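Below are the chains, spelled out letter by letter.
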Amino acid sequence: HIMTEEQPRWLKFQKGQIDYIGIPKDNFQSSLTPTKKLTPAMSKKEIQLSFEPGLDIGYIAFNHSNELFGKNKKLRQAMSMAYDSKTANELFYNGTARPAQSMVPPGIAGYDRDYKNPYVQFNIEMAKELLKEAGYPEGKGLPVITYDTSSSTTLRQMAEFFKKCMKKIGINVKVVTNSWPGLQKKIRTKSTMLHSVGWLADYPDAENFLQLLYGPNEAPGSNGSNYSNMIFDELFLKASVMQPGNKRDTLYKRLNKMVGEELPVIFNFHRVSFVMNHAWLKNYVLSDLVSGQAKYLNIDVEKKGQLEGKF
């Protein structure tokens, strides 16, 4: 059963009709205490909680095949600094996400915990100055920028928040919602100006994230931003065939810092996953690397029968 909206899924979980679920943002505070423990009401139903930093990144991609973004790094930097990521974190992730400094998430070889991106900070005055340096003082002369996203309630809200942030420095954004297939088609055909996407690790290595910016992977490939940088591409190819070790990690960090300052995309968040499951679900382990996991899951029918009276 495909349920595109969060609340119908949540209600079915509450009734015991779904075995496990990621906690929707609007139900976070009613399900967990301020110390991120289950509330007594949830514990009474023997619901179990798992949480773990995700091997993922959410980002807003500039389409570099569009000359407006492809040749104007100052514009990209201005828009990044106008985005209030702290407030976005509170609104959409209940303050649990980690602001991304570049492409590679924590927990993966190549992640640089010491790197702090100078453009991943909310600074309206600096954003206005960068916009002026980009050739668009107070947004004058800049066309309306379209922002394509999926049509779920949360993603629409996130897009409207981004629009509100850009308005503060004089940039006008038009939000366009799409079905998921419709958004993917636009990205594959290079038809967007900005679009919001995310990437979940296929395997735990920085290469899996940095390849999202490798020039030859441009749309219809995985590089939906169509970013192309000869130096980045050469270093990426070199790193991709190296054995794990300090030399490769050093090269990954160099690549991470390069894209952090080039800002081919607006780096959003690395999420923390909070998942609840009913006590009758056996063998469930929270992980982003879920390929093949389903065959190990099991339902304790006797346990489920004992708990059904609590719902």
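Just above, that's the structure.
Residues numbered from 1 in each chain as written. Predicted model: local features only at pLDDT ≥ 70, side-chain atom pairs only at ≥ 80, totals over all residues. Heavy atoms only, no water.

Q: Looking at this structure, how should I read the side chain of Thr 154?
A: Following the sequence through the fold, Thr 154 ends up in helix H8 (residues 153–167). Sequence-distant contacts of Thr 154, defined by excluding residues within four places in its chain, comprise Glu 6, Lys 25 and Phe 92. (Helix = DSSP H or I, 4+ residues; strand = E, 2+ residues; numbered from the N terminus. Contact = heavy atoms within 4.5 Å.)

Q: Whenever I open this one, the packing of aromatic side chains confuses me. Can you help?
A: Across all of its chains, the model carries 13 aromatic pairs by this definition. Taking the centre distance of 5.1 Å and the plane angle of 40° together, the rings of Tyr 147 and Phe 162 count as tilted. Taken together, the residues Tyr 147 in strand S5 (residues 145–150) and Phe 162 in helix H8 connect sequence positions 15 residues apart. (Phe/Tyr/Trp six-rings, centres within 6.5 Å; stacked < 30°, edge-to-face > 60°.)

Q: What is the right way to read the nonpolar core from this model?
A: For soluble globular proteins, nonpolar side chains are generally found buried alongside one another. In this structure, Met 79, Phe 162 and Ile 171 are the most contacted members of the largest nonpolar core, which totals 36 residues. Those residues in contact with Phe 162, other than ones at most four positions away along the chain, are Ile 60, Met 79, Tyr 83, Tyr 147, Val 173, Leu 194 and Ile 266. Counting residues in hydrophobic clusters, the runner-up holds 32 residues, among them Tyr 59, Val 197, Phe 232 and Ala 239. (Core = buried A, V, L, I, M, F, W, Y, C linked by side-chain atoms within 4.5 Å. Buried < 20%, exposed > 50% of the residue type's maximum accessible area, 1.4 Å probe, protein only.)

Q: I keep staring at the packing of helix H11 (residues 230–240) against helix H12 (residues 246–262) and nothing clicks. Help me out?
A: Their axes nearest at 10 Å, the elements H11 and H12 cross at an angle of 155°. With respect to H12, the element H11 is oriented roughly antiparallel. In this structure, H11 crosses over H12, and the sense of that crossing is left-handed. Counting all contacts with H11, which are made through Ile 231, Phe 232, Leu 235, Phe 236, Lys 238 and Ala 239, the residues of H12 involved are Arg 248, Leu 251, Tyr 252, Arg 254, Leu 255, Met 258 and Val 259. (Axes fitted to C-alpha atoms, helices over the stretch in contact; angles between N-to-C directions. Parallel < 35°, antiparallel > 145°, perpendicular 65-115°, else oblique. Left-handed = near helix turned anticlockwise from the far one by under 90°.)

Q: I tried to follow the packing of helix H5 (residues 73–81) against helix H7 (residues 124–133) on my own but got confused; where do I start?
A: To characterise two packed helices, one gives the angle between the axes of the helices and the distance between these axes. One way to put it is that H5 packs onto H7 with a least axis distance of 8 Å and a crossing angle of 160°. By the criterion of interaxial angle, the relationship of H5 to H7 is roughly antiparallel. Remark: the crossing between H5 and H7 carries left-handed chirality. Listed contacts from H7 to Lys 74, Leu 75, Gln 77, Ala 78 and Met 81 of H5 are Ile 124, Met 126, Ala 127, Leu 130, Leu 131 and Glu 133. Class assignment of the residues belonging to the contact of H5 with H7 gives a composition of eight nonpolar, one polar and two charged. (Nonpolar A, V, L, I, M, F, W, Y, C, P; charged D, E, K, R; others polar.)

Q: Looking at this model, I keep getting lost on unusual backbone geometry. Mind explaining?
A: In most cases, non-glycine residues show a negative phi, while peptide bonds are predominantly trans. Across the junction of Ala 219 and Pro 220, the peptide omega takes the value 15°, indicating a cis bond. With respect to the element layout, Pro 220 can be found in the loop between helix H10 (207–210) and H11. Even without a glycine there, the phi angle at Lys 36 is positive, about 65°. Relative to the elements of secondary structure, Lys 36 occurs in the loop between helix H2 (28–31) and helix H3 (40–44).

Q: Explain H5 to me, please; I cannot follow it from the model alone.
A: Note: α-helices contain 3.6 residues per turn, so residues at a spacing of three or four share the same orientation. Of all nine residues in H5, seven are buried, a share of seventy percent or more. Those residues of H5 not exposed but buried are Leu 75, Arg 76, Gln 77, Ala 78, Met 79, Ser 80 and Met 81.

Q: Would you take a moment to explain the pairing of strand S8 (residues 265–270) for this structure?
A: On a regular strand, one side chain projects to one face of the sheet and the next to the other, so that they alternate. Counted residue by residue, S8 has six buried out of six residues, so it is predominantly covered. Pairing of strand S3 (residues 56–62) with S8 involves four bridges; the strand directions are antiparallel. When the bridges of S8 are listed, Ile 60 appears paired with Ile 266. Across two bridges, the pairing between strand S4 (residues 98–99) and S8 is antiparallel. Residue pairing in the sheet places Pro 99 in a bridge with Phe 269 of S8. (Pairing = 2+ DSSP bridges.)

Q: So what exactly am I meant to see when it comes to the environment of Ser 85 here?
A: Position of Ser 85 relative to the elements: it lies in helix H6 (residues 85–93). Assessed through its relative accessible area of 14%, Ser 85 is described here as buried. Distance from Ser 85 to Met 126, taken between C-alpha atoms, is 15 Å for residues 41 residues apart in sequence.

Q: Can you walk me through a positive patch on the surface in this structure?
A: Together, Arg 98, Arg 113, Lys 116 and Lys 253 line one region of the surface with positive charge. Among the structural elements, Lys 116 can be located in the loop between S4 and H7. (Patch = residues over 30% accessible without salt bridge, like charges linked within 9 Å, V, L, I, M, F, W, Y side chains within 5 Å. Areas by Shrake-Rupley, 256 points an atom, 1.4 Å probe, with all protein chains shown as cover. Salt bridge = Lys/Arg side-chain N within 4 Å of Asp/Glu carboxyl O. Lys, Arg positive; Asp, Glu negative; His and termini not counted. Charge placed at Lys NZ, Arg CZ, Asp CG, Glu CD.)

Q: Sorry, what's going on with the sheet that holds strand S9 (residues 272–277) here?
A: Think of a sheet as strands paired side by side through backbone hydrogen bonds, with each pair either parallel or antiparallel. Ordered in space as S1-S9-S2, the three strands form an open sheet in which the pairing is antiparallel. Bordering the open sheet on either side are strand S1 (20–22) and strand S2 (48–53), each of which pairs with just one other strand. The sheet shows a mean angle of 20° between the axes of neighbouring strands, taken without regard to direction. The sheet contact formed by S1 and S9 spans three bridges and is antiparallel. Considered in S9, the bridge of Gly 22 is made with Val 275. Lying over the sheet, helix H1 (residues 6–14) contacts S1 and S9, oriented at roughly 145° with respect to S1.

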